[in-house]
Amino acid sequence: METAEYVEVLECEGRLLATAAERAGPGAEVPTCPGWRVRDLLRHTGMVHRWATTFVAEGHRKYQPDGGEPDLDGAELLDWFREGHGLLVTALREAPADLECWTFLPAPTPLGFWARRQAHETTVHRVDAEAALGGAVSPVGTSFALDGIDELLQSFHARDRSRVRTEEPRVFRVRVDDADAVWSTRLSGTAPTTVRTAQGPADCELSGPAERVYLALWNRADDSGLKVTGDGSLLELWREKSAITWN
């Protein structure tokens, strides 16, 4: 996907998130994030948006700490979230293609990194907001879901910080059946490694439509509409250990 496409997704998803949060109310529980209420979701995502904006707009070459979450609630919190989301969208659209700044995952360009990361960050948390509201969840496009699976398996969980590990080498395979895409993740006592191939046998395979697989790997959906074959304990390990934490 191109940077402009990511920014379009980010813009749309942020608006959907705010709308769902407003309808659900700040005190609504977020079932996909146990212990959180909608106000926690808005504070966190809004803080991340403003943190990302500092790198894009100010070109910081080194890590900068976030500015913390605001002590806001209700309409003031929603206004603050919408403002920060708009600032991020604007910064990404106005940034030069050759922007140089700090990033934390591999990417062809820093600008592409921040557009991609914030598009997926916002999409996942939009799902959280809609889960708090209840009812149908807005769809995730197939190509965007595939991109998100790539980011999660080949970037996030290639880092030493990944806690998805096994005592003995195992292979966890992910297959998308509506786009003919497959990933093989080799698990061991060190950071996982993932390749885009079905090379060799797998100990466990998760397969289904791209959107369902994307949400399941982000622990935002159950197994409905998905097929699990082989050793299901690897999927349970994924659910238990794969969460991406802020700190």
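One can find the structure itself at the top, above this paragraph.
Residues numbered from 1 in each chain as written. Predicted model: local features only at pLDDT ≥ 70, side-chain atom pairs only at ≥ 80, totals over all residues. Heavy atoms only, no water.

**Looking at the overall build of the protein**
Right, on to step 1. The secondary structure content of the protein amounts to 7 helices and 5 strands.
Right, on to step 2. Along the protein, helices (α) and strands (β) appear in the sequence α-α-α-α-α-β-β-β-β-α-β-α when read from the amino end.
Right, on to step 3. Against the 2.2 N^0.38 benchmark of 18 Å for 247 residues, the protein shows a C-alpha radius of gyration of 18 Å, consistent with a compact globule.
Right, on to step 4. Projected onto the principal axes, the alpha-carbon positions of the protein cover approximately 50 × 40 × 30 Å.
Right, on to step 5. For the protein, buried positions account for 48% of its 247 residues.
Right, on to step 6. In the protein, once contacts between residues fewer than 6 apart in sequence are set aside, the share between residues at least 24 apart is 68%.
Right, on to step 7. With an accessible surface of roughly 11600 Å², the protein has 49% of that area assigned to carbon and sulfur atoms.
Right, on to step 8. For the protein, the distance from the average site of its 27 positive side-chain charges to the average site of its 39 negative ones is 3 Å. (Helix = DSSP H or I, 4+ residues; strand = E, 2+ residues; numbered from the N terminus. Rg over C-alpha atoms; globule rule 2.2 N^0.38 Å. Buried < 20%, exposed > 50% of the residue type's maximum accessible area, 1.4 Å probe, protein only. Contact = heavy atoms within 4.5 Å. Areas by Shrake-Rupley, 256 points an atom, 1.4 Å probe, with all protein chains shown as cover. Lys, Arg positive; Asp, Glu negative; His and termini not counted. Charge placed at Lys NZ, Arg CZ, Asp CG, Glu CD.)

**A short note on the packing of aromatic side chains**
Right, on to step 1. Considering all chains together, one arrives at 17 aromatic pairs under this definition.
Right, on to step 2. Arranged with centres 4.8 Å apart and planes meeting at 75°, the rings of Phe-113 and Trp-114 form a pair that is edge-to-face. With respect to class, Phe-113 is no different from Trp-114; both count as buried. (Phe/Tyr/Trp six-rings, centres within 6.5 Å; stacked < 30°, edge-to-face > 60°.)

**Some points on the pattern of salt bridges**
Pairs can form between side chains of opposite charge whenever their charged atoms are close.
Right, on to step 1. This model, assessed by the stated rule, comprises 20 salt bridges.
Right, on to step 2. The residue Asp-150 makes a salt bridge to Arg-196 at a minimum N-O spacing of 2.9 Å. Of this pair, Asp-150 sits in helix α5 (residues 142-155) while Arg-196 sits in the loop between β3 (193-195) and β4 (204-208); the two residues are 46 residues apart in sequence, bridging distant segments of the chain.
Right, on to step 3. You can call Asp-150 buried: its relative accessible area is 17%.
Right, on to step 4. Residue Arg-175 is joined to Glu-205 by a salt bridge in which the shortest nitrogen-to-oxygen separation is 3.0 Å. Taken as a pair, Arg-175 in strand β1 (residues 170-176) and Glu-205 in strand β4 lie far apart in primary sequence, 30 residues in all.
Right, on to step 5. Classification of Glu-205 as buried rests on a relative accessible area of 17%.
Right, on to step 6. The structure contains a network of salt bridges with shared partners spanning Glu-11, Arg-15 and Arg-93. (Salt bridge = Lys/Arg side-chain N within 4 Å of Asp/Glu carboxyl O.)

**Points about the sheet that holds β1**
Right, on to step 1. Strand order across the open sheet formed by 5 strands is β3-β2-β1-β4-β5, with mixed pairing between neighbours. The sheet is open, and its two borders are formed by β3 and β5 (227-230), each paired with just one other strand. If you compare each strand with its neighbour and ignore which way they point, the axes differ by 15° on average.
Right, on to step 2. Two elements, β1 and strand β2 (residues 181-187), share 7 bridges in a ladder whose sense is antiparallel. The residue bridging Arg-175 from the neighbouring strand is Val-182, located in β2.
Right, on to step 3. Most of the contacts of α5 go to β2, to which it runs at about 15°, and overall it touches β1, β2 and β3.
Right, on to step 4. The strands touched by helix α6 (residues 210-217) are β1 and β4; relative to β1, the strand with the most contacts, the crossing angle is about 140°. (Pairing = 2+ DSSP bridges. Axes fitted to C-alpha atoms, helices over the stretch in contact; angles between N-to-C directions.)

**Some points on helix α7 (residues 233-241)**
Right, on to step 1. All of the buried residues along α7 are Leu-234, Leu-235, Leu-237 and Trp-238. End-on view of α7: buried residues confined to an arc of 155°, all on one side of the axis.
Right, on to step 2. Close packing links the buried residues of α7 with α5, β1, β2, β4, α6 and β5. (Arc of directions from axis to C-beta.)

**A short note on the nonpolar core**
The nonpolar side chains of a soluble globular protein tend to be buried, and buried together.
Right, on to step 1. One finds Leu-92, Trp-114, Ile-149, Phe-172, Tyr-214 and Leu-217 to be the most contacted residues of the largest nonpolar core, which totals 54 residues.
Right, on to step 2. In terms of residues, this core owes the most to one element, helix α4 (residues 110-133), which gives 7 residues.
Right, on to step 3. Among all residues touching Leu-217, those that are not within four sequence positions of it are Ile-149, Leu-152, Leu-153, Phe-172, Val-174, Leu-206, Trp-238 and Ser-242.
Right, on to step 4. The next biggest cluster of nonpolar side chains, apart from the first, holds 18 residues, and it includes Leu-17, Ala-21, Leu-41 and Leu-77. (Core = buried A, V, L, I, M, F, W, Y, C linked by side-chain atoms within 4.5 Å.)

**So, unusual backbone geometry**
Excluding glycine, residues mostly carry a negative phi; peptide bonds, for their part, are mostly trans.
Right, on to step 1. Positive phi outside glycine occurs at Asp-180, with the angle close to 50°.
Right, on to step 2. When you line up the elements, Asp-180 lands in the loop between β1 and β2.
Right, on to step 3. Of note, Asn-219 is a non-glycine position whose phi angle comes to about 60°, a positive value.
Right, on to step 4. By secondary structure assignment, the location of Asn-219 is in the loop between α6 and β5.

**Topic: helix α2 (residues 38-58)**
Right, on to step 1. Here α2 spans 30 Å end to end across 21 residues, near enough to the 30 Å set by a 1.5 Å rise per residue.
Right, on to step 2. Positive backbone phi, at 65°, marks Gly-59, one or two positions downstream of α2. (Expected span 1.5 Å × (residues − 1).)

**Thoughts on the side chain of Ser-184**
Right, on to step 1. Positionally, Ser-184 belongs in strand β2.
Right, on to step 2. Looking at Ser-184, its side chain comes within polar contact range of the side chain of Arg-173, at 2.9 Å.
Right, on to step 3. Beyond its immediate chain neighbours, meaning those up to four positions away, Ser-184 contacts Val-171, Phe-172, Arg-173, Thr-193, Thr-194, Val-195, Thr-197, Ala-198 and Gln-199. (Polar contact = N/O pair within 3.5 Å; in protein donor to acceptor, adjacent residues only side chain to side chain.)

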